[in-house]
Amino acid sequence: MKITVSGAGYVGLVTGICLAQIGHDVTCMDVDGEKIRMLQGGKCPIYEPGLDTLLRENATRLRFTTDPQTAYADADVIVIGVGTPEMPDGSCDLRYVYAAADSIARFAQSGTIVAVKSTVPIGTCEQLQTYFNEKTGEKHLRVASNPEFLSQGTAVQDTLHASRIVIGAADEETRGVLRRMVEPFGLPIVETSLCSAEMIKYASNSFLALKISFINEIANLCETVGADVTDVAQGMGYDARIGGQFLRAGVGYGGSCFPKDTKALYWISAHEGQALRTVRAAIDVNEAQKLLPLQKARAVCGDLRGKTAAVLGLAFKPGTDDVRDAPSLKVVSELLKQGARVQAWDPVAAERFAAALPAEVRYCADVADALRGADLCIILTEWDEVRSLTPQDFERTMRIPLVIDGRNCFDPKRFVGTGVTYESIGRRPVRNHAERTDEQ
Ligand SMILES: NC(=O)c1ccc[n+]([C@@H]2O[C@H](COP(=O)([O-])OP(=O)(O)OC[C@H]3O[C@@H](n4cnc5c(N)ncnc54)[C@H](O)[C@@H]3O)[C@@H](O)[C@H]2O)c1
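Everything numeric here is computed off the predicted structure, so don't read it as measured data. (Residues numbered from 1 in each chain as written. Predicted model: local features only at pLDDT ≥ 70, side-chain atom pairs only at ≥ 80, totals over all residues.)

## Quick notes on the overall build of the chain
How we decide: Secondary structure counts use DSSP, requiring at least four H or I residues in a row for a helix and at least two E residues in a row for a strand, with both numbered from the N terminus. Three classes are used. A residue is buried when 20 or more other C-beta atoms lie within 10 Å of its own, exposed when 12 or fewer do, and partly exposed in between, with C-beta atoms placed from the backbone. Residues are scored as being in contact if the C-beta atoms we place from backbone atoms lie within 7 Å.
Each helix and strand counted, the chain has 18 helices and 14 strands in total. Dimensions along the principal axes, computed over C-alpha positions, put the chain at roughly 80 × 50 × 35 Å. Taking all 440 residues of the chain together, 49% fall into the buried category. Summarising the internal contacts of the chain: among those between residues at least 6 apart in sequence, 70% fall at separations of at least 24.

Encoded structure:
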């Protein structure tokens, strides 16, 4: 099949390359000329494990262009994978979807199927169908919904081995074409209406966000009552009805999906007069959770003015260079606001972080450099380089070894009897120096 993917970002590019991997001829179209130039030169513009290898291996089946006519004119299926960011009121911004739709309406041939992979509010695909019907006259374009469930950091594996592929369409013929497109993946396919497919995506992300916020609230209560959230989550996770995934307590979720998708679903529900209270709670708990490391830091060292904070990890999770809505943005700007100096380390996300938060941060080439001379260390991403540290690494390099582990990377027992004070989420702190004051 001839497939064009509109938008060569985290979702569009991975989708395009994986569709080439199962034998389709794929054109990736993006309005970002720099991205397309890199891809034409055989370079991946994003960090995603395994993607550059697949890009090389499928070079003969992949084309990259910024020209909408070349991209859309003879495609059997056009997959829309452009961004759908958040509006200031929490609703979903569809301007990129409609910009892509505009060019598609102009250049696509009659009979082309337009599959919306971007996460869009329930009802968008039906509206898009009306838009095409009105705009294209004789030419008939058919809209389908094909939401994406991949996670950044494991996007290639998630696409090639997805738990399910959801196809929403208004008629059997459209559904059939999309089924043939994805069948070579050999994965379970769920076929639904347009609206249900859109709802499956929002409901899935919101449920996962809810699970994270739930365990984070339980973690905070664990600290008060003296329980250990790791044991609690393990004990809960054995129950197949609950499941062990997404029960890791921490400083909250970030990234380009959970924050905006929960807010968009809440906005839709409120707009429909049926505000989803559980989703609202998940959002509020998450916002508060991001500031927990700061509260812990202040509780131990008081005023942070003039202190040097080592921040380990800027990406919203390991395996990606994405910092969109990452807890690091909030933590670092708050540290700076409170007068602390920040020396940060991340193996891949420093550049994107600096672009997202232009501020006086010293970016370090390695973990040891970030820890050197620091008064406190805040761990925000559980990269392997962080998990492999020992208490002695903190002790040797920091001025005052206080570690606030926002991702529960270490067993607290390892810090007992060392010179490191270790605070984590939902577990008893290990306090190894006498009460600190600012003068230490
Ligand atoms: N990132 C994820 O983990 C993930 C997972 C599932 C679903 N999604 C959804 O997929 C969609 C894309 O997310 P992303 O993270 O890949 O975004 P992204 O910002 O990485 O990529 C979007 C791309 O679209 C391009 N673009 C914008 N307007 C365009 C146009 N008119 N024509 C062609 N290209 C255009 C941009 O230049 C950019 O390269 C969003 O709706 C998101 O919610 C994302």
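## Describing the sheet that holds strand β6 (residues 142–145)
Which entries qualify depends on this criterion: Strand pairing is assigned whenever DSSP identifies at least 2 bridges connecting the two strands. Where helices are involved, their axes are fitted lines through C-alpha atoms of the stretch in contact, as for all axes, and angles between N-to-C directions lie from 0 to 180°.
Taken together, the 8 strands give an open sheet; going across it, the order is β3-β2-β1-β4-β5-β6-β7-β8, and neighbouring strands pair in mixed fashion. Both edges of this open sheet fall to β3 (62–65) and β8 (189–192), since each of them pairs with a single strand only. Recorded for the sheet is a direction-independent mean angle of 25° between the axes of neighbouring strands. Of the strand pairs in this sheet, strand β7 (residues 165–169) and β8 are connected by 4 bridges, and their pairing is parallel. Paired with Ile 165 across the strands is Ile 189, a residue of β8. Seen against the sheet, helix α6 (residues 124–136) touches β5 (113–116), β6 and β7 and runs at an angle of roughly 170° to β6. Those strands touched by helix α9 (residues 194–225) are β6, β7 and β8, and its axis lies near 145° from that of β7.

## As for the domain arrangement of the chain
When the parts of a complex come together, some accessible area is lost, and that lost area is often taken as the interface size. Rules: Boundary definitions for the domains trace back to an automatic or database domain assignment. Asp, Glu, Lys and Arg are counted as charged, while Ala, Val, Leu, Ile, Met, Phe, Trp, Tyr, Cys and Pro are counted as nonpolar; the rest, among them Gly, fall into the polar class.
In terms of domains, the chain is made up of domain 1 (2–192), domain 2 (201–288) and domain 3 (290–423). Each of domain 1 and domain 3 has a C-alpha centre, and the two are 37 Å apart. Counting residues at the interface gives 7 residues for domain 1 and 7 residues for domain 3. Of the residues belonging to the side of domain 1 that touches domain 3, the class tally is 4 nonpolar, 3 polar and no charged.

## A closer look at the site of the ligand
To be explicit about the condition: Here is the check we use: build the C-beta atom from the backbone, and if it is within 6 Å of the molecule or strand, call the residue near.
Gly 7, Gly 9, Val 11, Thr 84 and Ser 118 are the nearest of the 26 residues found near the ligand. Of all the secondary structure elements, the ones that give two or more residues to the shell around the ligand are α1 (10–21) and α5 (95–107). Considering only residue class, the shell around the ligand consists of 11 nonpolar, 11 polar and 4 charged.

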